[in-house]
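# Topology and contacts: notes
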Amino acid sequence: MARPVWAGNLSFGLVSLPVGLYTATDSHTIHFHQLQRGTSDRIRNRRVNERTGKEVDLSDIVKGYDAGGEYVLVEPDELDEIAPGRSQALEIAGFVDLEEVEPIFFDKTYYLGPRGKGYEKVYSLLEQALAKTGKAGIATFVMRQHEYLVAVKAEDGLLTLHTLHWADEIRSPKDQIDGLPGKTKGTAKEVQMAEQLIEALAMKWDPEQFHDTFQEKVAALIEAKKAGETVEKAEPVAEPTGAVDLMEALRASVERARSPKPTGGKATTSTSGKAAAKKPTAKKRVRSTPKEDLSGLSKADLYKKAAAADVPGRSHMTRDDLVKALSSA
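Attention in this report is confined to the structure presented alongside it. (Residues numbered from 1 in each chain as written. Predicted model: local features only at pLDDT ≥ 70, side-chain atom pairs only at ≥ 80, totals over all residues. Heavy atoms only, no water.)

Moving on: the pattern of salt bridges. One side chain can pair with another of opposite charge once the charged atoms of both are near each other. Under the counting rule described, the total for this entry stands at five salt bridges. In this structure, Arg46 and Glu55 form a salt bridge, with 3.6 Å as the shortest nitrogen-oxygen distance. The pair formed by Arg46 and Glu55 is uniform in burial state, with each residue classed as exposed. A salt bridge links Arg251 to Glu248; the nearest nitrogen and oxygen atoms lie 3.1 Å apart. Of the two residues, Arg251 and Glu248 are both situated in helix 6 (residues 246-258); the distance of three residues between them amounts to about one turn of the helix. Judged by relative accessible area, Arg251 falls into the partly exposed class, the value being 33%. (Salt bridge = Lys/Arg side-chain N within 4 Å of Asp/Glu carboxyl O. Buried < 20%, exposed > 50% of the residue type's maximum accessible area, 1.4 Å probe, protein only. Helix = DSSP H or I, 4+ residues; strand = E, 2+ residues; numbered from the N terminus.)

Shown next, in the form of structure tokens:
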């Protein structure tokens, strides 16, 4: 079982519940080491005194605030001492409707779990009440020498905690973006056509339908370079739609969205028409175990199998293409 990243007491009114905070998300980013070009020598970052050039041990490092001309030094323990109680307290100030909290305020999600025996009923009571009322508890607490504004909500039978941005951290779009449309509006026909396009492309939210295709392509690039092969470059970015071509682009988009979808498999997204003419389409039978379940394999593993089976065009295939090609044997 994972260890909580924070532990303390969640309180609302006079009710107090010991809880643990657990990380709810993970990253599947492929990480690279830094090497000097032309060698296999690692490049490492070190804590170095800029005056002496000597490396400094972490225990000898303190925080310094630049007060203009001099630094105000702060020891790590001093930051803990100014909020000893708040570091273990998560006190709900009040409850708000979830719809009132704009999405821009949400930052990171954590799971909240009861800590210790005998508190399951209190935990379940708060979860059920939040689920029925559609509200979230707003609180502040201190974790790792930072104070957080958070929302506690019910989600699929458990409590979740979402860190929120402070109001003064939200940037004004007018200060950040040049050339906002202002009073420029589309015509009634253009708006109607845009609405038709949105309706034609409407779908149910299913996060399982989406996956990180860029990371798959990075994995394929690594495998291709290991095998001494090259990979196909991505398609160029589409040209911006000008005001003159807007109506025609909308009409063509609606027609394409309403056209019958091809059956017999998911559409792929990485191969252009020109590239498709150059590359084989992997219809050749490959050597694979007929009853082997390929659905749980990563793209890197699928690529290795495709390389062993000499699947043509494998270096530019998506994960679904690889599964289909290996399953056709």
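After that view of the structure, there is still more to cover.
Turning next to the sheet that holds strand 1 (residues 6-12). Two orientations exist for strands paired in a sheet by backbone hydrogen bonds: parallel and antiparallel. Strand order around the closed barrel formed by seven strands is 1-2-6-9-8-7-5, with mixed pairing between neighbours. Taken over all neighbouring pairs, the strand axes of this sheet differ in orientation by 40° on average, direction set aside. Taken strand by strand, helix 2 (residues 120-133) contacts strand 1, strand 2 (15-23), strand 5 (89-97), strand 6 (106-114), strand 7 (135-143), strand 8 (146-155) and strand 9 (158-164), and its axis lies near 70° from that of strand 9. (Pairing = 2+ DSSP bridges. Axes fitted to C-alpha atoms, helices over the stretch in contact; angles between N-to-C directions. Contact = heavy atoms within 4.5 Å.)

Any aromatic ring pair is given by two values, namely how distant the centres are and how the planes are angled relative to each other. Following the criterion strictly, the structure yields three aromatic pairs and no others. Ring geometry for Trp6 versus Phe141: centroids 4.9 Å apart, planes at 70°, classification edge-to-face. Linking Trp6 in strand 1 with Phe141 in strand 7, this pair joins segments that are 135 residues apart in sequence. According to the relative accessible area criterion, Phe141 is buried, its value standing at 0%. Here the aromatic rings of Trp205 and Phe210 are separated by 6.4 Å at their centres, their planes lie at 25°, and the arrangement is stacked. Feature note: the residues Trp6, Phe141 and Tyr148 constitute an aromatic cluster, connected by ring pairs. (Phe/Tyr/Trp six-rings, centres within 6.5 Å; stacked < 30°, edge-to-face > 60°.)

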